[in-house]
Amino acid sequence: MSTDTETREEEAMTDETPPQDGGAADLNGIAPERALEILREMLLYRRFEEKAEEAYAIGKIGGFCHLHIGQEGAAAGSILPLRGDDYVISAYREHTQALAKGVRPRAVMAELFGRRDGSSGGKGGSMHIFDVEHRFMGGHGIVGAQVPLAAGFGWTIRYREGDQVVVCFMGDAAVNQGAFHEAMNMAAVWDLPVIFVVENNAYGMGTAFHRVSRTEIHEKASAYGIPTEVVNGQDVLETYRAFADMIAKVRDGGGPFFVDLHTYRFKGHSMSDPVSGTYRSKEEVEGKIESADPIRVLADRLKDAGHLTQKRLEEMDAEAREMSQDALEFADASPPPDPEALYTHVYAEINPNGRLFFDGLERPGFAR
Amino acid sequence: MAEITYREALNQALREEMARDDSVFLMGEEVAEYDGAYKVSKGLLDEFGEKRVVDSPISELGFAGLGVGAAMTGLRPVIEFMTFNFSILALDQVINSAAKMYYMSDGQISCPIVFRGPTGAALQLAAQHSQACETWYVHSPGLKLVTPATPADAKGLLKAAIRDNDPVAFMEGELLYNFKGEVPEDDDFVIPLGVADVKREGEDVTILTHGKMVHVALQAATKLEKDGVHAEVVDLRSLRPLDVDTILASVKKTNRAVYVEEGWSYVGVGAQIVSLIQEEAFDHLDAPLLRVTQADVPMPYAKNLERLAKPSADRVIAACNRVLYRN
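Residues numbered from 1 in each chain as written. Chains lettered and ligands numbered in written order. Predicted model: local features only at pLDDT ≥ 70, side-chain atom pairs only at ≥ 80, totals over all residues.

Caption draft 1: Looking closely at the overall build of chain A. Helix and strand counts for chain A stand at 12 helices and 8 strands. Over its C-alpha trace chain A gives a radius of gyration of 21 Å, about what one expects of a compact globule, namely 21 Å for 368 residues. The C-alpha extent of chain A, read off along each of the three principal axes, is 65 × 50 × 45 Å. Looking at the 368 residues of chain A, the share that counts as buried comes to 51%. When contacts within chain A are restricted to residue pairs at least 6 apart in sequence, those whose partners lie at least 24 apart make up 74%. (Helix = DSSP H or I, 4+ residues; strand = E, 2+ residues; numbered from the N terminus. Rg over C-alpha atoms; globule rule 2.2 N^0.38 Å. Buried ≥ 20, exposed ≤ 12 C-beta atoms within 10 Å, placed from the backbone. Contact = placed C-beta atoms within 7 Å.)

Here it is as structure tokens:
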């Protein structure tokens, strides 16, 4: 296996056709080979995030760092059915979503480290992963603010009469933001090709959803006339099937969709927060890890259907660990950004007349 | 040259840029079927169709964000705020999304978008509809800010703002829409951002200003002339980028300066200009730099109170006399 993601990416782009045989019937109509690829992806997400956790613990990663551990099925099931030219935009728990869209593990880890080879050159950090080549559009830190941006991507697609699809992720807490409601309304009115996905892990940081809403999440979207689905994100094959079907409809001009994607966060809100405590019990978390680990759920389904052995699982896991270790070592070896980078990319156009910067500091020529 | 109104000049700029570049579209409240709350977009729906001239719901945060998303993916939106007072609802998208996107993405994603509409007070619209919003927009790196005072500037600068590759706030004046002036009839009449314009030459004192206050400054300069005082009026036109050279050249000539703005004084635009002049032309100053601003209160409704709150030609004259040590 390659140490970077070139081959991984090609595999992820492989067009998947549900075969009539080969056991696909037991796997939500997904070919066993594809299901194994999905498993390999999720193992990478898990091991990658564990490496990030280790690196954070020894101070290699700073600031806020929100891990996706426990929610890998939500990322894989919703993003892997997309095309390379489809758009994904998310909030700040987005490392594995970037990986799923094809961003190289090395580039994501180097960004977490704040290094030159990071996907945003070290300027974005954990919450602002961007990779235009893979149409991964961030990485946004204000709860709900990415939702109108996603509507804007959908606007451009419609304006240019393209057939791309936008998948916009948000946490359950985002559905109480004004930006969410305004964007849902516009997406419905203008039939924008956007799938809005609430990764519903039941808690906005430490606030249980039902403490801050009288209505269910899917009812909020229904109010705008957008078709909604409730999907179990801990079962990645169910998620994949639902998204593959939905993406086809949206691509075909079916307008926006909304998904209440049920999932569960196995770690704290961020690396600075406790896993359990005042807002959820240790027993609750342990129970979920025991019963609803998306990787185990998939591995068990594949084993039961005779498509996976324990030995093969361990080999795949070793590959995921190796790739994550490679990303970590790459990030650690990558130099910090050049000091001149402080001034670059503030403006896309430096007007030849007039002053744009007022800090009185020396600038390297016309810093772009 | 033709004499047209400020409103017509803006309309021409929009029409010409939309004809020139099919990635340009206009979105905002009442811009299409209603022809615009101030009729700036009159006739554009008929000419360009509903794909490119779009009535939005009253959702400033939402459609500003949609515009930013469209700009991130290759279009050039012009987002009209019925007034910049309402844009305060949208500031998260302007500052946290538009202004920072290019930097956060390390230059991968630019945001060529124009946010436009009137800023400042009109007549008796009271506190929530009468504020100058320049400071909020000019404060954040990543944004540019333009404030035309005349029809020619409105046209030339709007065309430049639409062609610029960064987010540009374009602040008009409600009371300027009917103001008439000569405008070149050239499709490529573009005034580059960051070039100030000396609207009146003089050697005794410099009045620095922008936007609608240019006309108050010019009134003051006309009255001062009768008193034998030759005031120079420098219209900054663009607050970011800022034409520092023209500001300093004028101050070095007159050795005295007054800043006039519609906004509040505290951390206002004038505060920045005063700071800049004392840093870069301290030895040329013969008097303290003064500012004429709105009274440091929300805008009152009553006519007499509103008049007291706004900068006036008389207050500009008084400030000029003070820096000239005249009574």
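Caption draft 2: Layout of the overall build of chain B. For chain B, the helix and strand inventory stands at 11 helices and 14 strands. Within chain B, the fraction of its 327 residues that count as buried is 59%. Here the analysis covers contacts within chain B between residues at least 6 apart in sequence; of these, 78% occur between residues at least 24 apart.

Caption draft 3: Fine view of the environment of Lys 60 of chain A. Residue and element names in this part refer to chain A. Here Lys 60 shows up in the loop between helix 2 (32-57) and helix 3 (72-79). The exposure class assigned to Lys 60 is partly exposed, which follows from the 18 C-beta atoms found within 10 Å. Put simply, Lys 60 and Phe 113 are 53 residues apart on the chain and 6.0 Å apart in space, counted from C-alpha to C-alpha.

Caption draft 4: The arrangement of unusual backbone geometry in detail. The residue after Arg 240 of chain B, namely Pro 241 of chain B, is reached through a cis peptide bond having omega 0°. Take Pro 241 of chain B: it is sitting in the loop between strand 12 (238-240) and helix 8 (244-254). One non-glycine residue, Ala 202 of chain A, lies in positive phi territory at about 80°. Within the fold, Ala 202 of chain A resides in the loop between strand 4 (194-200) and strand 5 (203-204).

Caption draft 5: Inspection of the interface of chain B and chain A at higher detail. Contacts between the two partners involve 45 residues from chain B, matched on the other side by 38 residues from chain A. When contributions to the side of chain B that touches chain A are tallied by element, the ones reaching two or more residues are helix 3 (60-72), helix 4 (91-104) and strand 12 of chain B. If you tally residues by element for the side of chain B that touches chain A, the top one is helix 3 of chain B, at 10 residues. Residues belonging to the side of chain B that touches chain A are distributed by class as follows: 19 nonpolar, 19 polar and 7 charged. (Nonpolar A, V, L, I, M, F, W, Y, C, P; charged D, E, K, R; others polar.)

Caption draft 6: The arrangement of the confidence of the model for chain B in detail. Mean pLDDT for chain B: 97, with 100% of residues reaching 70 or above. Of the two predicted TM-score estimates for the complex, the pTM is 0.95 and the ipTM is 0.96. (pLDDT = per-residue confidence, 0-100.)

Caption draft 7: Geometry of the confidence of the model for chain A. Residue-level pLDDT values for chain A average 92, and 92% of them are 70 or greater. Predicted confidence for residues 1-21 of chain A stays below pLDDT 50, and this span has 23 contacts to residues more than four positions away or in other chains.

Caption draft 8: Main features of the packing of helix 1 (residues 6-20) of chain B against helix 6 (residues 151-163) of chain B. Residues and elements named next belong to chain B. Between helix 1 and helix 6, the shortest axis-to-axis distance is 8 Å and the interhelical angle comes to 25°. Comparing their axes, helix 6 and helix 1 come out roughly parallel. By crossing handedness, the relation of helix 1 to helix 6 is classed as right-handed. Residues Tyr 6, Ala 9, Leu 10, Gln 12, Ala 13, Glu 16 and Glu 17 of helix 1 pack against Pro 151, Ala 152, Ala 154, Lys 155, Leu 158, Lys 159 and Ile 162 of helix 6. Residue composition of the contact of helix 1 with helix 6, by class: 9 nonpolar, 1 polar and 4 charged. (Axes fitted to C-alpha atoms, helices over the stretch in contact; angles between N-to-C directions. Parallel < 35°, antiparallel > 145°, perpendicular 65-115°, else oblique. Left-handed = near helix turned anticlockwise from the far one by under 90°.)

Caption draft 9: Focus on the sheet that holds strand 11 (residues 231-235) of chain B. All names here are of chain B. Strand order in this open sheet of 5 strands is 9-11-10-13-14, and the pairing throughout is mixed. Since the sheet does not close on itself, it has two edges, and those belong to strand 9 (197-200) and strand 14 (290-294), each with one partner. On average, each strand axis in the sheet is inclined to that of its neighbour by 25°, with strand direction left out of account. In this structure, strand 10 (residues 205-209) lies alongside strand 11, joined through 5 bridges in parallel fashion. Paired with Thr 209 across the bridge in strand 11 is Asp 235. In the packing of helix 7 (residues 213-226) onto the sheet, the strands contacted are strand 9, strand 10, strand 11 and strand 13 (257-264), and the crossing angle to strand 11 comes to about 170°. (Pairing = 2+ DSSP bridges.)

Caption draft 10: Molecular detail of helix 7 of chain B. Residue and element names in this part refer to chain B. For helix 7, spanning 14 residues, the distance from its first C-alpha to its last is 20 Å, which sits close to the expected 20 Å at 1.5 Å a residue. Among the residues of helix 7, Met 213, Val 214, His 215, Val 216, Ala 217, Leu 218, Ala 220, Ala 221 and Leu 224 are the ones counted as buried. Where helix 7 is buried, its residues meet strand 9, strand 10, strand 11, strand 13 and helix 11 (313-323). Phi turns positive, to about 85°, at Gly 228, one or two residues after helix 7. (Expected span 1.5 Å × (residues − 1).)

Caption draft 11: Seen up close, the sheet that holds strand 12 of chain B. Residues and elements named next belong to chain B. Strand order in the open sheet made by the 7 strands is 3-2-4-5-7-6-12, with mixed pairing throughout. Only two strands of the sheet have a single partner each, and these edge strands are strand 3 (53-55) and strand 12. Going across the sheet, the axis of each strand differs from the next one's by a mean of 20°, ignoring polarity. Note: strand 6 (residues 144-146) against strand 12, 2 bridges, orientation antiparallel. Bridge pairing in strand 12 places Leu 145 opposite Arg 240.

Caption draft 12: How the structure looks around the environment of Ala 35 of chain A. Residues and elements named next belong to chain A. Structurally, Ala 35 is set in helix 2. Look at Ala 35 and you get buried, because 25 C-beta atoms sit within 10 Å. Separated by 159 residues in sequence, Ala 35 and Val 194 place their C-alpha atoms 25 Å apart. Aside from chain neighbours lying at most four places away, what touches Ala 35 is Leu 27, Ile 30, Leu 237, Leu 302 and His 307.

Caption draft 13: Geometry of the nonpolar core. Core analysis: the biggest nonpolar cluster contains 206 residues, and Cys 168 of chain A together with Ile 207, Ala 217, Val 258, Val 316 and Cys 320 of chain B have the highest contact counts within it. Dropping the residues within four chain positions of it, Ala 217 of chain B is found in contact with Ile 207, Thr 209, Val 233, Val 260 and Val 316 of chain B. (Core = buried A, V, L, I, M, F, W, Y, C linked by C-beta atoms within 7 Å.)

Caption draft 14: Quick look at the packing of helix 7 (residues 178-189) of chain A against helix 3 of chain B. Here helix 7 of chain A crosses helix 3 of chain B at 70°, and the two axes come no closer than 8 Å. Regarding the angle of helix 7 of chain A to helix 3 of chain B, the classification is roughly perpendicular. Between helix 7 of chain A and helix 3 of chain B lies a crossing of right-handed hand. Where helix 7 of chain A approaches helix 3 of chain B, its residues Gly 178, Ala 179, Glu 182, Ala 183 and Met 186 of chain A are matched on the opposing element by Leu 61, Gly 62, Phe 63, Gly 65 and Leu 66 of chain B. Per-class residue counts for the contact of helix 7 of chain A with helix 3 of chain B are 6 nonpolar, 3 polar and 1 charged.

Caption draft 15: Local environment of helix 7 of chain A. Taking 1.5 Å of rise per residue, the 12 residues of helix 7 of chain A would be expected to cover 16 Å, and the 17 Å separating its terminal C-alpha atoms lies within 8% of that figure. Buried residues of helix 7 of chain A: Ala 179, Phe 180, His 181, Glu 182, Ala 183, Met 184, Met 186 and Ala 187 of chain A, and no others. Check the buried side of helix 7 of chain A and you find it contacts helix 6 (146-159), strand 3 (166-171), strand 4 and helix 8 (217-222) of chain A together with helix 3 of chain B. Phi turns positive one or two residues past the end of helix 7 of chain A, at Asp 191 of chain A, with a value near 50°.

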